[in-house]
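Spelled out, the chains give:
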Amino acid sequence: MPPTAETAQVSHRATYREVLAEPRFRLLFSTRAVAITADALRITTFSVLVFSSTGSALLSAVAFGIGFIPQLFGSLLLGSLADRLPPRALITGGYALTCATALLLALVRMPVAASLGVVALVSLATPVFHGASSRLVAQSLEGDAYVLGRSLNNIAGGGAQLFGLALGGAAVAALGPRRALAVSAVLYLGCALAIRIRLPRLQPGDGTPGSAGGDGGAVRASLRGAGLLLRGRTVRRLMLAQWLPVALVTGAEGLIVAYAGERRFAPGWYAVLMGCLPVGMLVGDLLVGRLLRPRARERLVVPLVALAGLPLIGFAAEPGVGVSSCLLLLSGLGYAYGLGLQRPFLDALPQDGRGQAFGLLGSGSMTLQGVGPVCLGAVAAVIGTGGAIALAGGAAVLTAGWILTWHPPASPALAPNRFAPSE
């Protein structure tokens, strides 16, 4: 029996060159990489600024994470705007708003509580801008090209984050925290101008009927859309599968500095340990995205989730620097499991709600990554950091077992669009 066009599209293995040949994706990809660099620069610099003015480690930590946790609430209350408003205006406005925020923090000496409130307020709108951008990527790339596009975004995002952290340290040392914040504002402004000039003017949903309208206000429509997404069993499972392992491993990562201190590693080794996870992530995404066919990636979802968790269990033995580095590197390789879930997740979404779904996916992940280190930190106070890291790894392995119960190796049940409430 000859293969159908749909089967051929699913089995086709795209290339990075093919993905980067798409002009709209190339623009969104490049501006997002610059924006992630600016994010890392702004977040770390703002944390330094708060610490220098208060001397409080707690407030410095709050400043570092204040932009993450409110995003889930923003997605629930405003997420529908990603499908209801023109994408060029939304994405340009998002970069312009973050630019204005960075400038405000750089130029105006506000009380710490007020500056934290400004950052939290702006972060409520972040899922709307990111959702609109992700929806355009899904419209620009089809089949395996979409999965490789997400892989490229992951690779560039990890590299840009590392570069932004390094740039933040250098900028603060050379210019001071306020001028370093102004540097991040310039980067955001460049992204806003690039989108405004080069992205075509598109209608909401790129002409998809019903995406721009909808009855009721934005908040009501957002809550209704989020409820519909989360009631769909397949969508809900795929979101949880993308949230939980990352939150658990990130929570373990948040204990690395304390672990290095407890084990009395030489100064500076904690930075090496923290760099092992992102390096593993980059290598894993590159290998799995480039070398494996689409079906192979989907079959490897469960083993890769297990790989993300199993090495962390080794921290129960409180290993030294060399073994710890290898364990974290191996755990980072497992992050590539997400590539095997991208196509099923996209197939499960309604055409007129993709922007909100992507915003909810990203904001939920960011929120759990902010909550994870706090929860594991509380556990570490009782059983020690090595035990808490091992516990996170064990929970990730259990998550792999849960995914196996509904995501068998062949994964046939996730191929069709199954956007329907659970029975």
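So, here's what we can say about the structure. What you see is a predicted model; the values in this text were computed from it and never measured.

### A closer look at the nonpolar core
Within the largest apolar cluster, 83 residues are counted, with the highest numbers of intra-cluster contacts made by Ile91, Tyr146, Leu328, Phe345 and Ile389. Tallying contributions element by element places helix α13 (residues 233-253) first for this core, with 8 residues. Membership of the second largest hydrophobic core comes to 11 residues, among which are Phe46, Leu49, Ala63 and Leu116.

### What about helix α5 (residues 70-78)?
Considered for burial, the residues of α5 that qualify are Pro70, Gln71, Gly74 and Ser75. The buried residues of α5 occupy an angular sector of 145° when the element is viewed end-on, so they sit on one face. The inward-facing, buried residues of α5 abut α8 (112-123), α9 (126-140), α12 (218-231) and α20 (354-383).

### Some details on the side chain of serine 133
Tracing the backbone shows serine 133 in helix α9. Excluding anything up to four places from it in sequence, serine 133 contacts Leu28 and Ile91.

### So, the side chain of arginine 88
Mapped onto the secondary structure, arginine 88 falls in helix α7 (residues 87-107). For arginine 88, a relative accessible area of 17% translates into the label buried. Among all residues touching arginine 88, those that are not within four sequence positions of it are Ile195, Arg196, Leu199, Pro200 and Arg201.

### Some words on unusual backbone geometry
The backbone of arginine 264 shows a phi angle near 55°, a positive value even though the residue is not glycine. Along the chain, arginine 264 turns up in the loop between α14 (256-262) and α15 (269-291). For arginine 264, a relative accessible area of 75% gives the class exposed. Even without glycine at this site, glutamate 318 takes up a positive phi of about 50°. On the secondary structure map, glutamate 318 appears in the loop between α17 (301-313) and α18 (321-333).

### Looking at the packing of aromatic side chains
Taken as a whole and judged by the stated rule, the model has 5 aromatic pairs. Relative to phenylalanine 315, the ring of tyrosine 259 has its centre 5.2 Å away and its plane inclined at 75°; by these criteria the two rings are edge-to-face. Taken as a pair, tyrosine 259 in helix α14 and phenylalanine 315 in the loop between α17 and α18 lie far apart in primary sequence, 56 residues in all. Of the two residues, tyrosine 259 and phenylalanine 315, both sit in the buried class. Members of the aromatic cluster, connected to one another through ring pairs, are Tyr259, Phe265 and Phe315.

Thresholds applied
- Residues numbered from 1 in each chain as written.
- Predicted model: local features only at pLDDT ≥ 70, side-chain atom pairs only at ≥ 80, totals over all residues.
- Heavy atoms only, no water.
- Core = buried A, V, L, I, M, F, W, Y, C linked by side-chain atoms within 4.5 Å.
- Buried < 20%, exposed > 50% of the residue type's maximum accessible area, 1.4 Å probe, protein only.
- Helix = DSSP H or I, 4+ residues; strand = E, 2+ residues; numbered from the N terminus.
- Arc of directions from axis to C-beta.
- Contact = heavy atoms within 4.5 Å.
- Phe/Tyr/Trp six-rings, centres within 6.5 Å; stacked < 30°, edge-to-face > 60°.

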